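What follows is the residue order along each chain.
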Amino acid sequence: MTSYVIEADGGSRGNPGPAGYGAVVMDASDGQVLAEAAEAIGVATNNVAEYRGLIAGLKAVLELAGDGAAVAVRMDSKLVVEQMAGRWKIKNEGLRPLAAEAGGLVRRLRVTEWTWIPRERNKHADRLANEAMDAAAQGLTWKAGGTTTGGEPSGGAPTEAAGKGTTKTKGTKGGAGAKGATGGAGAKGAASVGAKGAASAGSRSSLADHQQTDLLDAGGISDLSAPTASVAAAQQRAKATGTGTGTGWGPPTRVATSLLLLRHGETNLSLERRFSGRGDAELTANGLAQASAAAERLSRDPYRLDAIVTSPFKRARQTAEAVAQRTGLDVEVYEDLREADFGDWEGHTFTEVQRRWPAELTAWLADPEVAPPGGESFATTARRVQSAREWLVERYEGRTVLAISHVTPIKLLLRDALTAPLQSLYRMHLDLACLSLIEYYADGPAVVKSFNDTAHLR
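The structure presented is a predicted model; accordingly, all values stated were derived computationally and were not measured.

Colleague: Account for the overall build of the protein, with residues named and values stated.
Modeller: Helices and strands together make up the secondary structure of the protein, namely 13 helices and 14 strands. Relative to its full complement of 458 residues, the protein shows a buried share of 56%. Accessible area of the protein: about 18,800 Å², with a carbon and sulfur share of 49%.

Colleague: I'd like to hear about empty space enclosed by the protein, residue by residue, with values.
Modeller: With the rule as written, the count across this model stands at 3 cavities of 30 Å³ or more. Quantified by volume, the largest cavity comes out at close to 120 Å³. Residue assignment for the lining of the largest cavity shows that the elements contributing at least two residues are α12 (378–395) and α13 (407–417). By residue number, the principal contributor to the lining of the largest cavity is α12, which donates 6 residues. The residue makeup of the lining of the largest cavity, split by class, is 6 nonpolar, 5 polar and 5 charged.

Colleague: I'd like a description of helix α3 (residues 96–106), backed by residues and values.
Modeller: For α3, the complete set of buried residues consists of Leu98, Ala99, Ala102, Gly103, Leu105 and Val106. All buried residues of α3 project into a common sector of 160 degrees when viewed along the axis, lining one side. Where α3 is buried, its residues touch α1 (46–65), α2 (78–84) and β5 (110–116).

Colleague: How would you summarise the environment of Ala102 if you had to cite specific residues and measurements?
Modeller: Of note, Ala102 is situated in helix α3. By relative accessible area, which is 0% here, Ala102 ends up buried. For the pair Ala102 and Leu54, spaced 48 residues apart in sequence, the C-alpha to C-alpha distance is 7.2 Å.

Colleague: Which residues make up the packing of α1 against α3, and what values do they have?
Modeller: Here α1 crosses α3 at 20 degrees, and the two axes come no closer than 10 Å. In terms of orientation, α1 lies roughly parallel with respect to α3. In terms of crossing hand, the pair formed by α1 and α3 is left-handed. Taken together, the residues of α3 that come into contact with α1 (itself represented by Val48, Tyr51, Arg52, Leu54, Ile55, Leu58, Lys59 and Leu62) are Leu98, Ala99, Glu101, Ala102, Leu105 and Val106.

Colleague: Describe in detail the packing of helix α8 (residues 285–298) against helix α9 (residues 314–327), supporting the description with residues and values.
Modeller: Orientation of α8 relative to α9, taken along the N-to-C sense of each, is 35 degrees, at an axis distance of 8 Å. The hand of the α8/α9 crossing is right-handed. Residues Leu288, Ala291, Ser292, Ala295, Glu296 and Leu298 of α8 form the contact with α9, whose participating residues are Gln318, Thr319, Ala322, Val323, Arg326 and Thr327. Broken down by class, the residue content of the contact of α8 with α9 amounts to 6 nonpolar, 4 polar and 2 charged.

Colleague: With reference to specific residues and values, describe the packing of aromatic side chains.
Modeller: For the coordinates displayed, the defined rule picks out 10 aromatic pairs. Measuring from centroid to centroid gives 4.2 Å for Tyr334 and Trp391, while their planes differ by 5 degrees, and the two rings are stacked. Placement of the pair is Tyr334 in the loop between β11 (331–333) and α10 (350–356) and Trp391 in helix α12, with a sequence separation of 57 residues. Grouping residues by exposure puts Tyr334 and Trp391 together as buried. Taken together, Phe275, Phe342, Trp345, Trp357, Trp364, Phe378 and Tyr426 form an aromatic cluster joined through their ring pairs.

Colleague: Give me the lowdown on the side chain of Ser424, citing residues and values where you can.
Modeller: Mapped onto the fold, Ser424 is located in the loop between α13 and β13 (435–440). On the basis of relative accessibility, which here comes to 12%, the residue Ser424 falls in the buried class. A distance of 2.6 Å separates the side chain of Ser424 from the backbone oxygen of Pro421, its partner in a polar contact.

Colleague: Which residues make up unusual backbone geometry, and what values go with them?
Modeller: Asp301 connects to Pro302 through a cis peptide bond whose omega is 10 degrees. You can see Pro302 is positioned in the loop between α8 and β10 (307–310). Even without being glycine, Thr419 reaches a positive phi, approximately 50 degrees. Summarising the element assignment, Thr419 is placed in the loop between α13 and β13. Judged by its relative accessible area of 31%, Thr419 is partly exposed.

Colleague: Would you mind going over the sheet that holds strand β14 (residues 446–453) in detail, with residue names and values included?
Modeller: Read across the sheet, 6 strands follow the order β11-β10-β12-β9-β13-β14 without closing on themselves; strand pairing throughout is mixed. Single-partner strands in this sheet number two, and they are β11 and β14. Going across the sheet, the axis of each strand differs from the next one's by a mean of 20 degrees, ignoring polarity. In this structure, strand β9 (residues 257–263) lies alongside β13, joined through 6 bridges in antiparallel fashion. The residue of β13 that forms the bridge with Leu260 is Leu437.

Parameters and conventions
Residue numbering note: each chain is counted from 1, following its sequence as written. This being a predicted model, a pLDDT of at least 70 is required before a residue's local features are given, and a value of 80 or more before pairs of side-chain atoms are given or counted; all residues contribute to the totals for chains, interfaces and linings. Remark: hydrogens and water are excluded; side-chain values derive from all non-hydrogen atoms of the structure. Secondary structure counts use DSSP, requiring at least four H or I residues in a row for a helix and at least two E residues in a row for a strand, with both numbered from the N terminus. Relative accessible area decides the class of each residue, using a 1.4 Å probe on protein chains only: under 20% of the type maximum gives buried, over 50% gives exposed, and in between gives partly exposed. Per-residue and other accessible areas follow the Shrake-Rupley method at a 1.4 Å probe size, with only the shown protein chains counted as cover for residues. Definitions used throughout: a 1 Å grid over protein atoms alone; a cavity as a set of points that fits a 1.4 Å probe which cannot get out; a pocket as an open set with protein on both sides within 12 Å along at least five of seven lines; a lining residue as one with an atom within 4 Å of a point. Grid points are joined across faces, edges and corners, and a volume is the space filled by probe spheres set on the points. Just so you know the grouping, Ala, Val, Leu, Ile, Met, Phe, Trp, Tyr, Cys and Pro go in nonpolar, Asp, Glu, Lys and Arg go in charged, and all remaining residues, Gly too, go in polar. Each direction from the helix axis to a C-beta atom contributes to the arc, which is the arc of those directions. Any two residues whose heavy atoms approach within 4.5 Å at even a single point are treated as in contact. Axis definition: a line fitted to C-alpha atoms, limited for helices to the stretch in contact. Angles are taken between N-to-C directions and run from 0 to 180 degrees. Throughout this description, any angle smaller than 35 degrees is read as roughly parallel, any larger than 145 degrees as roughly antiparallel, any in the 65 to 115 degree range as roughly perpendicular, and the remainder as oblique. Two helices that cross are described as forming a left-handed crossing if the nearer one is turned anticlockwise from the farther one by less than a right angle, and a right-handed crossing if clockwise. The aromatic pairing rule takes the rings of Phe, Tyr and Trp, using the six-membered ring of Trp, and pairs them if the centres are within 6.5 Å, calling planes under 30 degrees apart stacked, those over 60 edge-to-face and the rest tilted. Counting of polar contacts relies on pairs of N or O atoms within 3.5 Å, with two restrictions inside protein: one atom must be capable of donating a hydrogen and the other of accepting it, and residues adjacent in sequence are counted only when both atoms are side-chain atoms. Note on pairing: DSSP must find at least two bridges between two strands before they are called paired.

Here it is as structure tokens:
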């Protein structure tokens, strides 16, 4: 009897924001692609889109093989996999109807496994989700095979059917789509230069003179003249999707899960204000002193840590080890806490990048979906950082966990807690070895309790 594999994914450009899902069904014996499904679903959260991707995959298997078919499900959403496997509770009321719908489909099949896979192993489904979202953004309808149909001419309003997905079954071989992996600096990057280049021209000259620019892990990005989305619009989107409804003013109904975020100490790259992403720089003598100061602070009241997790990069691990020595806790490495990948810009100063890649830099500063050449966009980084948050909050419910990471992931976690748009990254500054605190309540909002606290360094 044939058995099947579902790989599904979903994404939201704003969380909540324009969202879409993708799902692919394969023959378990040889990996042949048997069905693809994708759809843009309007404004929604990542989790909603991921559940919709799972549902589409389950429906595709039922259409292919009928009731009782054996299927393995693989997704890079830890939350969806663990909730559907029954290992995690469903705490978000907005997800319960989707989980119930998925559960009804599962009961008609024979699901042999629920497996979490890293995002890089889920590229097919991720590509489909992005194709659907890209098509909807142009007023078009996603069609299996990486093409789009329907919709209004360029610049016109989308048709009512725009973004609606289809499922193509039996024999559809998967291939590289027009856009490719999430956040790539391909067609979208070029389009961003054309569409936004004029608006960014004034920004470019001012940036050249901005010697104190925050360069991400070389210091973060602050005060850049990148377009900023309306906070009111973001709040309206959140209201429409039922997320972010808490105000933060009411008393919590249970103990919070406290996530302390510690940026690593100084490295030679940060000292020289160079892009520092996947490069494995070590702490300087001053960086080790900063880590020791943070460790001394965190070993005293009111800090009572229950766990320490860290990015895999050496500068973060060295900082984590300093805290572990003071507190007696073990350190657990978690891959999704790593810094964004700056690709060809790694190790270069901002001025060097501006001279060698002026168009690419302009596009990157204007659009969080655009990646540096050979690197990773902020939007892509945001999706894996969200997975890290879900895992941490679920695993350490009601406890205090210290996460040692880098400027981009920490900014993304703070942005997510504030339900701010992705463009808010351009308006935050985080110092080396700073502390920030987010508290998560099961009955409502995440609350940012502190931001860029460097009292231990004075």
